[in-house]
Number of protein chains: 2
Amino acid sequence: MQLHHHPFCPHSRLVRLSLGEMGIEPELIEERVWERRPEFLRLDPAGTTPVMIDDNEMVVPGPVVITEYLDETRGRRLSGWFNDKFFAEVSEPLVREKVYKRYMPREAGGGPPDMAVIRAARSNIRYHLHYIGWLLKARNWLAGDRLTYADLAAAAHISCVDYLGDVPWNEDEAAKIWYARIKSRPAFRPLLALTMAGMPPAPCYADLDF
Amino acid sequence: MQLHHHPFCPHSRLVRLSLGEMGIEPELIEERVWERRPEFLRLDPAGTTPVMIDDNEMVVPGPVVITEYLDETRGRRLSGWFNDKFFAEVSEPLVREKVYKRYMPREAGGGPPDMAVIRAARSNIRYHLHYIGWLLKARNWLAGDRLTYADLAAAAHISCVDYLGDVPWNEDEAAKIWYARIKSRPAFRPLLALTMAGMPPAPCYADLDF
């Protein structure tokens, strides 16, 4: 990845900080925009810094478009992992079988849980925990050095499963430490306070030192 | 703001966490989606949680659209404050007068700095620092409980001005503490390491305990 920048262009600095928070080190090309270098103007006729060239040769100009592009291509992939894949393989089947089916009328799909589905989801969650642990080897949070929607998404899905007592926390120490950290944020309190009549949470659910 | 949700819908939980991180407490309306409540289906014919109703009556469905909408309406306003307003009133004039004009040929606008412009920018930065301090009264970071692009944008612009020695840090203690925190992040190191030949940084520039 390349970044055409100037060391004193504040918009270039914003992009450098954003890349840094994601653990990405771009190749830096200094532009003195007043020289109107033809190669630079061919990249972006506006001739202002910053301009980023992604590793797939995509030219992305300006701080707002660059940060949106980074969110879109880097950040959202991880949020999608949890919102789509973890949901399909773990949180949706467990919540459906153990919670929703208790309240749904039979004609809407209610009834006793399907134990085969529950066993499959309990098996699936293990590789998701290891994936979280693997991501955390290189950074403080799932998508880099700052907490992003990827962390909130992963924690939201895991919290549903944790209520049901189906997170094997002994499987991955790094994932457990990460969850303890995110669980202690003020935004998490309303989720930890909720209980469902006739279905108390697992003992570790609201415990910040589980 | 209203949130139609279910306590065990992980996507609803993601939205609750995201709102919580922004310090927003929505009114919660529990939906049992399998009941297909007509009022809920009128809001969103897909009939799935979460659905958010913003305070301007905008109906926003689904976790991805909701988090994008929150970024767009809440987060980006603050980033824009620094990228547009702080830039126009402080960082652009100071960098132009004190840095760029040294290197630009006279026909491109180079020459000695205009002291009236510099004085105006130095006066403008004071109310921006107080604004930062005011934002931090209610939260840890500028847009809520987590570091966002608003913080990175503000810090990027301020860092240019700080190199030039033009940030009156004694004006606002909260803003100073915030900048010390963001300055100590690994992503900041490359910016603090840079120096310009013939134009050394202000003594406090790279100092983490300024």
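Residues numbered from 1 in each chain as written. Chains lettered and ligands numbered in written order. Predicted model: local features only at pLDDT ≥ 70, side-chain atom pairs only at ≥ 80, totals over all residues. Heavy atoms only, no water.

### Quick word on the relation of the copies chain B and chain A
So, step 1. If you rotate chain B by 180° and push it 0.0 Å along the axis, it lands on chain A with an RMSD of 0.0 Å. This pairing of chains is accounted for by a two-fold axis. Considering only C-alpha atoms, the part of chain B nearest the rotation axis is Leu147 of chain B, at 3.7 Å.
So, step 2. Comparing interface residues between copies, 100% of those in chain B also sit at the interface in chain A, which points to an isologous, same-surface contact. (Least-squares fit on C-alpha atoms with pLDDT ≥ 70 in both. Contact = heavy atoms within 4.5 Å.)

### A closer look at the side chain of Asp71 of chain A
So, step 1. Inspection of the secondary structure assignment puts Asp71 of chain A in helix α3 (residues 63–103).
So, step 2. Buried and unpaired, Asp71 of chain A has Arg146 of chain A as its nearest opposite-charge partner, separated by 4.6 Å.
So, step 3. The residues contacting Asp71 of chain A, other than those within four sequence positions of it, are Met22 and Arg76 of chain A together with Tyr149 of chain B. (Helix = DSSP H or I, 4+ residues; strand = E, 2+ residues; numbered from the N terminus. Buried < 20%, exposed > 50% of the residue type's maximum accessible area, 1.4 Å probe, protein only. Lys, Arg positive; Asp, Glu negative; His and termini not counted. Salt bridge = Lys/Arg side-chain N within 4 Å of Asp/Glu carboxyl O.)

### Considerations on helix α6 (residues 173–183) of chain A
All names here are of chain A.
So, step 1. All of the buried residues along α6 are Ala175, Trp178, Tyr179, Ile182 and Lys183. The buried residues of α6 occupy an angular sector of 130° when projected down its axis, which confines them to one face.
So, step 2. Where α6 is buried, its residues contact α4 (115–135), α5 (149–163) and α7 (189–193).
So, step 3. Capping the start of α6 is the job of one residue whose side-chain oxygen sits 3.2 Å from the backbone nitrogen of Ala174: Asp172. (Arc of directions from axis to C-beta. Polar contact = N/O pair within 3.5 Å; in protein donor to acceptor, adjacent residues only side chain to side chain.)

### With respect to the pairing of strand β1 (residues 2–5) of chain A
Residue and element names in this part refer to chain A.
So, step 1. In the sheet, β1 pairs with strand β2 (residues 27–30) via 4 bridges, with the strands oriented parallel. Residue pairing for β2: Gln2 is matched across the bridge by Glu27.
So, step 2. Handedness of the crossover joining β1 and β2 through helix α1 (residues 10–21) is recorded here as right-handed.
So, step 3. Inspection of the sheet shows β1 paired to strand β3 (residues 51–53) by 3 bridges, in the antiparallel sense. Pairing of Gln2 across the sheet is with Ile53, part of β3. (Pairing = 2+ DSSP bridges. Right-handed = clockwise from strand over helix to strand, strands pointing away.)

### A closer look at the pattern of salt bridges
So, step 1. Here the structure, examined in full by the defined rule, presents 30 salt bridges over all chains.
So, step 2. One network of salt bridges, in which partners are shared, links Glu92, Arg96, Glu97 and Lys101 of chain A.

### Digging into the sheet that holds β3 of chain A
Residue and element names in this part refer to chain A.
So, step 1. Strand order in the open sheet formed by 4 strands is β2-β1-β3-β4, with mixed pairing between adjacent strands. Of all the strands in the sheet, the pair left with one neighbour each is β2 and β4 (59–61). Each strand of the sheet is rotated relative to its neighbour by a mean of 20°, with strand direction disregarded.
So, step 2. Along the sheet, α1 makes contact with β1, β2 and β3, crossing β1 at roughly 155°.
So, step 3. Packed onto the sheet, α3 meets β3 and β4 and runs at close to 130° relative to β4. (Axes fitted to C-alpha atoms, helices over the stretch in contact; angles between N-to-C directions.)

### A few points about the state of the cysteines
So, step 1. Tallied over the full model, the rule gives 0 disulfides over all chains.
So, step 2. Cysteine Cys160 of chain A remains unbridged, with the sulfur of Cys9 of chain B as its closest cysteine sulfur at 7.3 Å.
So, step 3. Its relative accessible area of 0% is what places Cys160 of chain A among the buried residues. (Disulfide = S-S within 2.5 Å.)

### Structural notes on the interface of chain B and chain A
So, step 1. Every contact between the two is made by 51 residues of chain B and, on the other side, 51 residues of chain A.
So, step 2. Carbon and sulfur atoms make up 68% of the surface buried where chain B meets chain A, a total of about 5100 Å² over both sides.
So, step 3. Ranking the residues of chain B by area buried against chain A places Phe8, Trp34 and Tyr149 of chain B at the top, with a combined share of 17%.
So, step 4. Viewed at the interface, chain A and chain B are joined by 4 salt bridges.
So, step 5. Here chain B and chain A share 16 residue pairs in polar contact (both at pLDDT 80 or more) between them.
So, step 6. When residues of the side of chain B that touches chain A are traced back to their parent elements, those giving at least two are α1 (10–21), α3 (63–103), α5 (149–163) and α7 (189–193) of chain B.
So, step 7. Take the side of chain B that touches chain A: its biggest share by element is 11 residues, from α3 of chain B.
So, step 8. Split into classes, the residues belonging to the side of chain B that touches chain A amount to 31 nonpolar, 10 polar and 10 charged. (Buried area = accessible area lost by both parts, 1.4 Å probe. Nonpolar A, V, L, I, M, F, W, Y, C, P; charged D, E, K, R; others polar.)

What is shown is where atoms sit, not what they do.
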